[in-house]
Amino acid sequence: MANNCATGTAISLGLLFEPLAHPKPGAVTRCTSHRDKDIMIYAKTLYPVIRSCQIACTGECRSFMARGLREYAKLLQRITGTNPNLGSLLLLLPLCRASNSTGVVEVLLKEASELVVACDSRETAEAYYDLLSSLGVSHLGRYEGPLPSVGSNSYPTGLLPILEFTKWDHVHRELLNGYPMTYEAYRMIRNEGLSEESIIKTVLTLLSKYGDTLIGRKYGWRAYKRAIREAREALRYSEKLGIATAIAWLDRIWRERGWNPGAILDIVAVASGLSYAVELGLLVEGR
């Protein structure tokens, strides 16, 4: 793979495919928005994502994620103060880097996770904390524990301590464990073809199996378990009423509560991008 990061750029386009898909429960789509972001924000922030991906593809291994995160933060501040893509970006940057050395999906996911460990640095932790601080991520709240608090002017020794301490989070666990849920989502989308229906069906299927850790973090773990039950109910409805009707029902319930399954959406966005890269012939599946 050449250093122009063509594969990584293609994968990053999943971060637009996912928010375009409609309907989705509690999420931004081409037809629905949140108070602080809409589909135009996702379109505007796509270039910062692509540029961050390109920068992560080159230079020293030890600081590739830090460079990507800092570039994203710099460009994002010129466009918006919201946080539309952070989880997806964390998943994407190692994949962009790994795409320099392999064009096989299964190998790419494994090597990306290995790079998170092999290339970890304090600089990466600093870039991550600074980005969280500048965005004022609402669900962080007040924190006391073994890691420095965001905004305290102290930093962990690397990204790995953050991921290990918060590996209950879907995105962080993906980075540590070789992207298993991302691969599951990719297989679902790839088997049906990259389309609006395959994206929304994958979102609902993953929610019914795994719930969403962003909902759990913001609204409590009782809400997390309730979200799984309701997603399973919607999945059953989909067999009789169709996937779009079932998700529209779930969307009405979740949007009233302010529930947004952001962690699952991050994973599905990257999985959509992987499927697109395969369609373009930039990636192939393992034999």
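In this numbering scheme, every chain counts its residues from 1 along its sequence in written order. The model is predicted, so local features are restricted to residues of pLDDT at least 70 and side-chain atom pairs to those at 80 or more, both for listing and for counting; the totals for chains, interfaces and linings are taken over all residues. Excluding hydrogens and water, the side-chain figures rest on all heavy atoms present in the structure.

A look at the overall build of the protein
Numbered from the N terminus, helices here are DSSP runs of H or I no shorter than four residues, and strands are runs of E no shorter than two. Along the protein, the regular secondary structure elements total 16 helices and zero strands. Here the globule rule is a power law, 2.2 Å times the number of residues to the power 0.38, and the radius of gyration is based on C-alpha atoms. Taken over the C-alpha trace, the protein has a radius of gyration of 18 Å; the compact-globule value for 287 residues is 19 Å, and the two agree within 12%. Overall, the C-alpha framework of the protein stretches about 55 × 45 × 35 Å when taken along its three principal axes. Here the term buried applies to any residue with accessible area under 20% of the maximum for its type, exposed to any over 50%, and partly exposed to those in between, with areas from a 1.4 Å probe on protein chains only. Out of the 287 residues in the protein, the part that is buried amounts to 54%. Of the roughly 12300 Å² of accessible surface on the protein, 50% is carried by carbon and sulfur atoms. In short, Shrake-Rupley with a 1.4 Å probe defines the accessible areas, and a residue's cover is counted only from the protein chains shown.

Looking at the environment of Leu76
Looking at where Leu76 falls in the secondary structure, it is placed in helix α5 (residues 64–77). As for Leu76 and Val49, which are separated by 27 residues in sequence, their C-alpha atoms are 9.1 Å apart. What makes two residues a contact is simply this: any of their non-hydrogen atoms within 4.5 Å. Apart from residues no more than four positions distant in its own chain, Leu76 is found in contact with Thr45, Thr82, Pro84 and Leu135.

Comments concerning the packing of aromatic side chains
The geometry of an aromatic ring pair is captured by the separation of the ring centres together with the interplanar angle, meaning the angle of the planes. Stacked, edge-to-face and tilted are the three classes for Phe, Tyr and Trp ring pairs, Trp counted by its six-membered ring, which pair at centre distances within 6.5 Å; planes under 30 degrees apart are stacked, over 60 edge-to-face, the rest tilted. Tallied over the entire structure, the rule returns eight aromatic pairs. Both rings, one in Tyr183 and one in Tyr186, keep their centres 5.9 Å apart while their planes meet at 35 degrees; by these two values the pair is tilted. Note that Tyr183 and Tyr186 are positioned in helix α11 (residues 180–192) at a spacing of three residues, about one turn of the helix. According to the relative accessible area criterion, Tyr183 is partly exposed, its value standing at 27%. Relative to Trp259, the ring of Tyr219 has its centre 6.3 Å away and its plane inclined at 45 degrees; by these criteria the two rings are tilted. Of the two residues, Tyr219 sits in helix α13 (residues 213–219) while Trp259 sits in the loop between α15 (243–257) and α16 (262–279), which places them 40 residues apart along the sequence. For Trp259, a relative accessible area of 5% corresponds to the buried category.

Focus: unusual backbone geometry
A cis amide bond links His22 to the next residue, Pro23, at an omega of 0 degrees. Positionally, Pro23 belongs in the loop between α2 (14–20) and α3 (39–44). In this structure, Tyr179 takes a positive phi of about 65 degrees despite not being glycine. Following the sequence through the fold, Tyr179 ends up in the loop between α10 (170–177) and α11. On the basis of relative accessible area, Tyr179 is assigned to the buried category, the value being 0%.

Let's talk about the confidence of the model for the protein
Per-residue confidence from the prediction method is given by pLDDT, with values spanning 0 to 100. Of all residues in the protein, 94% have pLDDT values of 70 or greater, and the mean over the chain is 92. Below a pLDDT of 50 lies the segment residues 138–143, which in the model reaches ten contacts outside its immediate sequence neighbourhood of four places, other chains included.

With respect to the nonpolar core
Throughout, nonpolar core names a set of buried Ala, Val, Leu, Ile, Met, Phe, Trp, Tyr and Cys residues whose side chains join them through atoms within 4.5 Å. Ile11, Leu69, Tyr128 and Leu283 are the most contacted members of the largest nonpolar core, which totals 79 residues. Tallying contributions element by element places α16 first for this core, with ten residues. Ignoring anything within four residues of it in the chain, the contact list for Leu283 reads Thr7, Ile11, Thr102, Gly103, Val104, Val105, Leu108, Leu274, Ala277 and Val278. Leu16, Val28, Ile39 and Tyr42 belong to the second-largest nonpolar core, a separate cluster that totals six residues.

Some details on helix α14 (residues 221–241)
Expected helix span is taken as 1.5 Å per residue step, with the number of steps being one fewer than the number of residues. In this model, α14 (21 residues) spans 29 Å end to end at C-alpha, consistent with the 30 Å of a helix rising 1.5 Å per residue. Every buried residue of α14 is accounted for by Ala223, Tyr224, Ala227, Ile228, Glu230, Ala231, Ala234 and Ser238. Residues of α14 that are buried sit in contact with α10, α12 (196–210), α13 and α15. Positive phi appears at Gly242, one or two residues downstream of α14, with a value of about 100 degrees.

A word on the side chain of Ser52
By secondary structure assignment, the location of Ser52 is in helix α4 (residues 46–56). A distance of 3.1 Å separates a polar side-chain atom of Ser52 from the backbone oxygen of Gly68. Ignoring sequence-local partners within four residues, the contact set of Ser52 consists of Gly68, Glu71, Tyr72, Leu89 and Leu93. Here a polar contact means two N or O atoms within 3.5 Å. Within protein one must be a hydrogen donor candidate and the other an acceptor candidate, and residues neighboring in sequence count only if both atoms are side-chain atoms.

As for the environment of Val49
Structurally, the position occupied by Val49 is in helix α4. Between the alpha carbons of Val49 and Leu86 there is a distance of 9.4 Å; along the sequence they are 37 residues apart. Once you skip the residues sitting within four places of it in the chain, Val49 turns out to touch Ser12, Leu15, Tyr72, Asn85, Leu89 and Leu92.

What to know about the state of the cysteines
In what follows, a disulfide is any cysteine sulfur pair within 2.5 Å. In the structure shown here, the tally under the stated rule is three disulfides. There is a disulfide in this structure between Cys5 and Cys57, and the S-S distance comes to 2.2 Å. Pair noted here: Cys5 is in the segment before α1 (6–12) and Cys57 is in the loop between α4 and α5, with a separation of 52 residues, a long-range link. Here the two residues Cys5 and Cys57 agree in accessibility, since each one is buried. With its sulfur 1.5 Å from that of its partner, Cys61 forms a disulfide with Cys119. On the sign convention where negative is left-handed, the bridge of Cys61 and Cys119, at about -90 degrees about the S-S bond, is left-handed. Linking Cys61 in the loop between α4 and α5 with Cys119 in the loop between α7 (105–118) and α8 (122–135), this pair joins segments that are 58 residues apart in sequence. Judged by relative accessible area, which is 3%, Cys119 ranks as buried. Counting only the cysteines that take part in disulfides, in the order they occur along the protein, gives the pairing 1-3, 2-5, 4-6.

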